[in-house]
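# Structural characterization, general
Here's the letter readout for the chains.
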Amino acid sequence: QVQLVESGGGLVQAGGSLRLSCVGSGSIFSINRMGWYRQAPGKQRELVADMSSGGSTNYADSVKGRFTISRDNAKNTVYLQMNNLKPEDTAVYYCNIKFRRLEIPGAWYDYWGQGTQVTVSS
């Protein structure tokens, strides 16, 4: 079925940068939304940024101006360029894809990657 493979996480000092990548494979409908969520210990999962195949984007207020989402539709790949990282960005980052189920009007597929750890030291 659908698989999402993330890479690019790691340990970085405050003010540094990382770029996350997520490659989707399998039966992915070309019209979709791919994005990144994160979950810090003891906190709820939150949307960081996402992007539709048509190019529309959403960003969490906390990352606007620092993070940039991009994607390669042909490769079902989404990237998250993270600049000026802060300790509060420390979390497990999860890749996500959502797309319509053609056989069920109004229904969606929703898949997640395994997560990649981002740790920002102060």
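Going along each chain's sequence as written, the residues are numbered from 1 onward. Per-residue local features of the predicted model are confined to residues with pLDDT of at least 70, and side-chain atom pairs are confined, for both listing and counting, to 80 or more; whole-chain, interface and lining totals are unaffected and use all residues. Water and hydrogen atoms play no part in the side-chain values, which are based on all heavy atoms of the structure.

Assigned secondary structure in the protein chain consists of zero helices and eleven strands. Numbered from the N terminus, helices here are DSSP runs of H or I no shorter than four residues, and strands are runs of E no shorter than two. Listed by position from the N terminus, the elements making up the protein chain come as β-β-β-β-β-β-β-β-β-β-β. Values of the radius of gyration come from C-alpha atoms, whereas the globule rule sets the reference at 2.2 Å times the count of residues to the power 0.38. Radius of gyration (C-alpha) of the protein chain: 14 Å, near the 14 Å computed for a compact globule of 122 residues. Its C-alpha atoms give the protein chain principal-axis dimensions of about 50 × 25 × 25 Å. Any two residues whose heavy atoms approach within 4.5 Å at even a single point are treated as in contact. Taking the intrachain contacts of the protein chain between residues at least 6 apart in sequence as the baseline, contacts between residues at least 24 apart amount to 54%.

As a further point, take the side chain of Thr77. Mapping Thr77 onto the fold places it in strand S8 (residues 77–82). Here a polar contact is taken to be a pair of N or O atoms separated by no more than 3.5 Å, where protein atoms must pair a possible hydrogen donor with a possible acceptor and residues adjacent in sequence count only if both atoms sit in side chains. Polar side-chain contacts of Thr77 include one of 3.0 Å to the backbone oxygen of Lys75. If we ignore the near neighbours within four places in the chain, the residues touching Thr77 are Cys22, Val23, Met34, Ser70, Arg71 and Asp72.

Only buried residues count toward a nonpolar core, which is a set of Ala, Val, Leu, Ile, Met, Phe, Trp, Tyr and Cys residues joined through side-chain atoms within 4.5 Å. Between buried and exposed lies partly exposed: a residue is buried under 20% and exposed over 50% of the maximum accessible area for its type, with that area taken using a 1.4 Å probe on protein chains only. Residues Trp36, Phe67, Leu80, Met82, Tyr93 and Ile97 are the most contacted members of the largest nonpolar core, which totals 28 residues. Looking at this core, the element that brings in the most residues is strand S9 (residues 91–100), giving five residues.

Moving on, we come to the packing of aromatic side chains. Ring pairs are drawn from Phe, Tyr and Trp, using the six-membered ring of Trp, whenever the two centres fall within 6.5 Å, and their geometry is named by plane angle: stacked under 30 degrees, edge-to-face over 60, tilted for the rest. Considering all chains together, one arrives at four aromatic pairs under this definition. Here the aromatic rings of Tyr37 and Trp112 are separated by 5.0 Å at their centres, their planes lie at 65 degrees, and the arrangement is edge-to-face. With Tyr37 in strand S4 (residues 32–39) and Trp112 in strand S10 (residues 108–112), this residue pair connects regions lying 75 residues apart in the sequence. Judged by relative accessible area, Trp112 falls into the partly exposed class, the value being 30%.

Defined by distance alone, a disulfide is two cysteine sulfur atoms within 2.5 Å. Counted according to the given criterion, the structure contains one disulfide. Sulfur-sulfur distance for the disulfide between Cys22 and Cys95 comes to 2.0 Å. Taking the sign of the torsion about the S-S bond as the criterion, the disulfide between Cys22 and Cys95, at about -85 degrees, is left-handed. Of the two residues, Cys22 is situated in strand S3 (residues 18–25) and Cys95 in strand S9; the sequence distance between them amounts to 73 residues.

Turning our eyes to something else, we now look at the pattern of salt bridges. Salt bridges are defined as contacts in which a side-chain nitrogen from Lys or Arg sits within 4 Å of a carboxyl oxygen from Asp or Glu. This structure, assessed with the given rule, holds seven salt bridges. Residue Arg66 pairs with Asp89 through a salt bridge whose shortest N-O separation is 2.8 Å. A residue pair is termed long-range when its members are at least 10 positions apart, and Arg66 in the loop between strand S6 (57–59) and strand S7 (67–72) and Asp89 in the loop between S8 and S9 qualify at 23 residues. Taking the relative accessible area as the measure of exposure, Arg66 reaches 8% and is therefore buried. With relative accessibility at 1%, the residue Asp89 sits in the buried group. Lys98 is the salt-bridge partner of Asp110, the closest N and O atoms lying 3.8 Å from each other. Taken together, the residues Asp110 in strand S10 and Lys98 in strand S9 connect sequence positions twelve residues apart. Its relative accessible area of 23% is what places Lys98 among the partly exposed residues. Counted as one network, the salt bridges with shared partners bring together Arg38, Glu46, Arg66 and Asp89.

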